[in-house]
Amino acid sequence: MPIGTIEHANLSVTNPERSSRLFQSLLGWKERWRGPSAMGGETIHVGNAHSYLSLYTNEEVAGGYAKGQPLNHVGMQVDDLDAAEKVIVDAGLKPFSHSTYDPGPRSFYFFDWDGIEFEVVSYE
């Protein structure tokens with residue numbers, strides 16, 4: 001049986017530059033690539049050496065996505081949940097649904113400017 005991992009996710013956003021800056025601040029990521037998309041529009045790849053988010057836009061991307069259609073949320077792991085929450089608040093976004101799961105990871109959720117939901121979790 002093959003063994004795999006998620007290498008990237010491609011998200012349509014209204015402002016890839018703004019989203020890239022958020023993920024760089026939140027996760028310590030770097031911009032890996034930027035340029036024109038094969039489908040038209042522009043793309044920024046932001047991530048680490050092993051995985052990334054492809055942040056895509058064109059003139060048809062309007063944002064305002066409804067929760068759960070088609071994506072429920074994207075989960076991200078950090079080593080300092082309190083510092084991560086400060087990044088989100090400083091970006092003008094609102095954390096919600098703070099919780100602690102058994103056996104102990106803490107998490108919160110936030111919606112980005114386009115209505116995409118993210119979960120931030122820490123096993124600290």
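Below is a summary of the structure that appears in this document. Nothing here was measured: the structure is a model prediction, and the numbers come from that model.

Here's the deal with the overall build of the protein
Okay, so step 1: Along the backbone of the protein there are two helices and eight strands.
Okay, so step 2: For the protein, the sequential pattern of α-helices and β-strands runs β-α-β-β-β-β-α-β-β-β.
Okay, so step 3: Scaling as 2.2 N^0.38, a compact globule of 124 residues should have a C-alpha radius of gyration of about 14 Å, and the protein matches this with 15 Å.
Okay, so step 4: In terms of overall dimensions, the protein has C-alpha extents of about 45 × 40 × 25 Å along its principal axes.
Okay, so step 5: Put simply, the protein has 124 residues, and 40% of those count as buried.
Okay, so step 6: When the accessible surface of the protein is summed, it comes to about 7,500 Å², and 53% of that surface belongs to carbon and sulfur atoms.

Some remarks on the pairing of strand 7 (residues 106-111)
Okay, so step 1: Relative to strand 7, strand 6 (residues 96-100) runs antiparallel, the two sharing three bridges. Paired with Ser99 across the two strands is Ser107, which belongs to strand 7.
Okay, so step 2: Hairpin connection, strand 6 to strand 7: the antiparallel pair is bridged by five residues, and Gly104 has positive phi, about 145°.
Okay, so step 3: Alignment of strand 7 against strand 8 (residues 117-122), held across six bridges, turns out to be antiparallel. Pairing of Tyr109 across the sheet is with Glu119, part of strand 8.

A closer look at the packing of helix 1 (residues 16-27) against helix 2 (residues 81-90)
Okay, so step 1: The interhelical angle for the contact between helix 1 and helix 2, taken along N-to-C directions, is 160°, at an axis separation of 9 Å. Compared by their axis directions, helix 1 and helix 2 come out roughly antiparallel. The two elements helix 1 and helix 2 meet at a crossing, and its hand is right-handed. Contact residues: Leu22, Ser25 and Leu26 in helix 1; Ala84, Val87 and Ile88 in helix 2.
Okay, so step 2: Grouping the amino acids of the contact of helix 1 with helix 2 by side-chain chemistry returns five nonpolar, one polar and no charged.

What about the nonpolar core?
Okay, so step 1: With 22 residues, the main nonpolar core has Phe23, Leu26, Leu53, Met76, Phe110, Phe118 and Val120 as its most contacted residues.
Okay, so step 2: Element by element, the count of residues in this core is highest for helix 1, at four residues.
Okay, so step 3: Those residues in contact with Phe110 that sit more than four places away from it in its chain are Leu22, Leu26, Ile88, Leu93, Lys94, Pro95, Phe96, Ile116, Glu117, Phe118 and Val120.

A short note on helix 2
Okay, so step 1: Looking at helix 2, one finds that the buried residues are Leu81, Ala84 and Ile88. Mapping the buried residues of helix 2 onto a view down its axis gives an arc of 60°, with all of them on the same face. In this structure, helix 2 carries Lys86 and Asp90 as exposed residues pointing more than 90 degrees from its buried face.
Okay, so step 2: As for helix 2, its buried residues are in contact with helix 1, strand 7 and strand 8.
Okay, so step 3: Capping the start of helix 2 is the job of one residue whose side-chain oxygen sits 3.2 Å from the backbone nitrogen of Asp82: Asp80.
Okay, so step 4: Immediately downstream of helix 2, the backbone of Gly92 shows phi near 85°, a positive value.

Criteria and thresholds
- Residues numbered from 1 in each chain as written.
- Predicted model: local features only at pLDDT ≥ 70, side-chain atom pairs only at ≥ 80, totals over all residues.
- Heavy atoms only, no water.
- Helix = DSSP H or I, 4+ residues; strand = E, 2+ residues; numbered from the N terminus.
- Rg over C-alpha atoms; globule rule 2.2 N^0.38 Å.
- Buried < 20%, exposed > 50% of the residue type's maximum accessible area, 1.4 Å probe, protein only.
- Areas by Shrake-Rupley, 256 points an atom, 1.4 Å probe, with all protein chains shown as cover.
- Pairing = 2+ DSSP bridges.
- Axes fitted to C-alpha atoms, helices over the stretch in contact; angles between N-to-C directions.
- Parallel < 35°, antiparallel > 145°, perpendicular 65-115°, else oblique.
- Left-handed = near helix turned anticlockwise from the far one by under 90°.
- Contact = heavy atoms within 4.5 Å.
- Nonpolar A, V, L, I, M, F, W, Y, C, P; charged D, E, K, R; others polar.
- Core = buried A, V, L, I, M, F, W, Y, C linked by side-chain atoms within 4.5 Å.
- Arc of directions from axis to C-beta.
- Polar contact = N/O pair within 3.5 Å; in protein donor to acceptor, adjacent residues only side chain to side chain.

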